[in-house]
Amino acid sequence: MVVDEGYKGGSDGNQWMTMTMVLDEAKICNNLALAISMLGVSEAFALGQSLGVSASILTKIFNSSSARCWSSDSYNPVPGVMEGVPSSRNYDGGFASKLMMHIVSYQNMAACTAAPITAGSPIHLSE
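Reading the values: the criteria
Residues numbered from 1 in each chain as written. Predicted model: local features only at pLDDT ≥ 70, side-chain atom pairs only at ≥ 80, totals over all residues. Heavy atoms only, no water. Helix = DSSP H or I, 4+ residues; strand = E, 2+ residues; numbered from the N terminus. Buried < 20%, exposed > 50% of the residue type's maximum accessible area, 1.4 Å probe, protein only. Contact = heavy atoms within 4.5 Å. Areas by Shrake-Rupley, 256 points an atom, 1.4 Å probe, with all protein chains shown as cover. pLDDT = per-residue confidence, 0-100. Polar contact = N/O pair within 3.5 Å; in protein donor to acceptor, adjacent residues only side chain to side chain. Phe/Tyr/Trp six-rings, centres within 6.5 Å; stacked < 30°, edge-to-face > 60°. Core = buried A, V, L, I, M, F, W, Y, C linked by side-chain atoms within 4.5 Å.

Engineer: Hey, could you go over the overall build of the protein chain for me, with residue numbers and the actual values?
Structural biologist: Each helix and strand counted, the protein chain has five helices and zero strands in total. The secondary structure elements of the protein chain, listed N-terminal to C-terminal, are α-α-α-α-α. A total of 127 residues make up the protein chain; the buried ones form 23% of that total. The long-range fraction of contacts in the protein chain, counting pairs at least 24 apart against all pairs at least 6 apart in sequence, stands at 33%. For the protein chain, the exposed area adds up to about 8800 Å²; of that, 59% sits on carbon and sulfur atoms.

Engineer: Account for unusual backbone geometry, with residues named and values stated.
Structural biologist: Despite not being glycine, Asn 90 has its phi angle at roughly 55°, a positive value. By the secondary structure assignment, Asn 90 is in the loop between α3 (70-73) and α4 (97-103). For Asn 90, a relative accessible area of 65% corresponds to the exposed category.

Engineer: For the confidence of the model for the protein chain, give the residues involved together with the corresponding values.
Structural biologist: The predicted model of the protein chain averages 75 in pLDDT, with 57% of residues at 70 or higher. Note on residues 1-10: pLDDT under 50 across the span, and eleven contacts to partners over four residues away in sequence or across chains. A low-confidence stretch, residues 123-127 stays under pLDDT 50, and its non-local contacts, those more than four residues away or across chains, total four contacts.

Engineer: Account for the environment of Ser 71, naming residues and giving values.
Structural biologist: On the secondary structure map, Ser 71 appears in helix α3. At a separation of 3.3 Å, a polar atom in the side chain of Ser 71 contacts the side chain of Ser 37.

Engineer: Break down the packing of aromatic side chains for me, citing the residues and quoting the values.
Structural biologist: Applying the stated criterion to the full structure yields two aromatic pairs. Both rings, one in Phe 45 and one in Phe 62, keep their centres 4.9 Å apart while their planes meet at 55°; by these two values the pair is tilted. On the criterion of sequence distance, the pair formed by Phe 45 in helix α1 (residues 13-50) and Phe 62 in helix α2 (residues 55-63) is long-range, its members being 17 residues apart. Each member of the pair, Phe 45 as well as Phe 62, is classed as buried. With a centroid separation of 4.5 Å and an interplanar angle of 20°, the aromatic rings of Trp 70 and Tyr 75 are classed as stacked.

Engineer: Would you mind going over the nonpolar core in detail, with residue names and values included?
Structural biologist: Membership of the largest hydrophobic core is limited to seven residues, which are Val 41, Phe 45, Ala 55, Leu 58, Phe 62, Cys 69 and Val 78. Sorting the residues of this core by element identifies α1 and α2 as the ones contributing at least two each. Top element by residues in this core is α2. It accounts for three residues.

Engineer: Could you give an account of the environment of Phe 62, naming the residues involved and the relevant values?
Structural biologist: Residue classification places Phe 62 among the buried positions, given a relative accessible area of 11%. Setting aside chain neighbours within four positions, we find Phe 62 in contact with Val 41, Ala 44, Phe 45, Ala 67, Arg 68 and Ser 72.

Below you can see the structure in the form of structure tokens.
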């Protein structure tokens, strides 16, 4: 994303800082949603395969139903299902587990909600 104007049309530094903070917080929230989606899709593939359903059949079912998402149709985490993604290259250049743990940390999740989040507390979404 390229931003060439100040936030809300202003030009002073405070408004630029506000826009930067909004973009950073939005990125944290986006990365959190992706991490959760990728974890869910990966776990669903692991479960399906353990029950004897092939990854290619699971992919067809996921991508033609409510499970379809970027993690299943554009960045499939199972080796041999899709070309040109990290799973087809032994996960080289893929999403690092260490980064995912950072993204889903309570500190970063707190940036996405107005309510304080602590270990063991329910997460409440707010606008």
